[in-house]
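Listed below are the residues making up each chain.
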Amino acid sequence: MPQVLGRMITILILTVALLLGPRSVPSASPGALDQDSVVEACAKKMEKMFQLVTIQVQELALDQVKVKLVEQQYIVIIPLRAPRGEMRAIHWAQKDPTVALDFIRLLRQGKIGAVNAWPFLHNPGELYIGRGLSQEALKGCQKEQLQDAFGTCTECEVAEWLNLKP
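On a predicted model such as this, the values are computed, not experimentally measured, just so you know.

Draft legend 1. Up close: the overall build of the protein. Of regular secondary structure, the protein possesses six helices and six strands. Put simply, the protein runs from its N terminus to its C terminus through helices and strands in the order α-α-β-β-β-β-α-β-α-α-α-β. Put simply, 67% of the contacts in the protein that link residues at least 6 apart link residues at least 24 apart.

Laid out in structure tokens, this is it:
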């Protein structure tokens, strides 16, 4: 259940981010509705094209965990025991150091059985809002165009925790 809920929330956030992000057409114009429908359709298509990558805890090199402080965020970096395509490690950012350490503790104790990670270098919602994703990439909504825009990660961001145990 948490897995399905996490994915729904992720896709909902992405869809809202894409809908509320920068536009080349003012919202009062008739073209804005067309743009919104293009963005929404592309977000739904992206959900099917780019699945989150599930990493079992056994695949993580928990003995090689690193924690970095970057811009007031504690970033937990955990290498994979064996690469998964381009993916070499996962990372999870948290502002509270206690929560970051709890994440490591829960993984080591087996309280988190797996994690899902984004297969992108850039979070799609943040990329669209922060830098503006090209309208061509959205209108075409082709896998290759989107993959070029989002990039491929080697250290992928954790999107959700799976198989939680009390």
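Right, picking up where we left off after that structure.
Draft legend 2. How the structure looks around the pairing of strand β4 (residues 87-94). For strand β3 (residues 73-84) and β4, the ladder comprises seven bridges, and the chain directions are antiparallel. Across the sheet, residue Tyr74 finds its bridge partner in β4, namely Gln94. Note that β4 and strand β6 (residues 155-164) share three bridges and pair parallel. When the bridges of β6 are listed, His91 appears paired with Glu157.

Draft legend 3. Highlighting the pattern of salt bridges. Scanning the entire structure with this criterion turns up two salt bridges. For the salt bridge of Glu59 with Arg84, the shortest nitrogen-to-oxygen distance reads 3.2 Å. Of this pair, Glu59 sits in the loop between β1 (53-56) and β2 (66-70) while Arg84 sits in strand β3; the two residues are 25 residues apart in sequence, bridging distant segments of the chain. For Glu59, a relative accessible area of 24% gives the class partly exposed. The shortest N-O distance in the salt bridge between Arg105 and Asp102 comes to 3.5 Å. Of this pair, Arg105 and Asp102 are both found in helix α3 (residues 97-108), three residues apart, which corresponds to roughly one turn of the helix.

Draft legend 4. Structural view of the sheet that holds strand β5 (residues 112-117). The mixed open sheet is built from six strands, whose spatial order is β1-β5-β6-β4-β3-β2. The strands lining the two open edges of the sheet, one partner per strand, are β1 and β2. Across the sheet, the mean angle from the axis of one strand to that of its neighbour is 40 degrees, orientation sign disregarded. Bridge count for β5 against β6 is five bridges, and the pairing is antiparallel. Bridging from a neighbouring strand, Val115 pairs with Trp161 of β6. Its contacts with the sheet place α3 against β2, β3, β4, β5 and β6, and it is angled at close to 25 degrees to β3.

Draft legend 5. Fine view of the packing of aromatic side chains. Taken as a whole, this structure holds six aromatic pairs when the rule is applied. Relative to Phe120, the ring of Phe50 has its centre 5.0 Å away and its plane inclined at 70 degrees; by these criteria the two rings are edge-to-face. Taken together, the residues Phe50 in the loop between α2 (31-49) and β1 and Phe120 in the loop between β5 and α4 (124-130) connect sequence positions 70 residues apart. Members of the aromatic cluster, connected to one another through ring pairs, are Phe50, Trp118, Phe120 and Phe150.

Draft legend 6. Representation of the side chain of His91 within the structure. Its location among the elements puts His91 in strand β4. A residue is classified by how much of its surface remains accessible, and His91, at 18% relative accessible area, is buried.

Conventions and cut-offs
Residues numbered from 1 in each chain as written. Predicted model: local features only at pLDDT ≥ 70, side-chain atom pairs only at ≥ 80, totals over all residues. Heavy atoms only, no water. Helix = DSSP H or I, 4+ residues; strand = E, 2+ residues; numbered from the N terminus. Contact = heavy atoms within 4.5 Å. Pairing = 2+ DSSP bridges. Salt bridge = Lys/Arg side-chain N within 4 Å of Asp/Glu carboxyl O. Buried < 20%, exposed > 50% of the residue type's maximum accessible area, 1.4 Å probe, protein only. Axes fitted to C-alpha atoms, helices over the stretch in contact; angles between N-to-C directions. Phe/Tyr/Trp six-rings, centres within 6.5 Å; stacked < 30°, edge-to-face > 60°.

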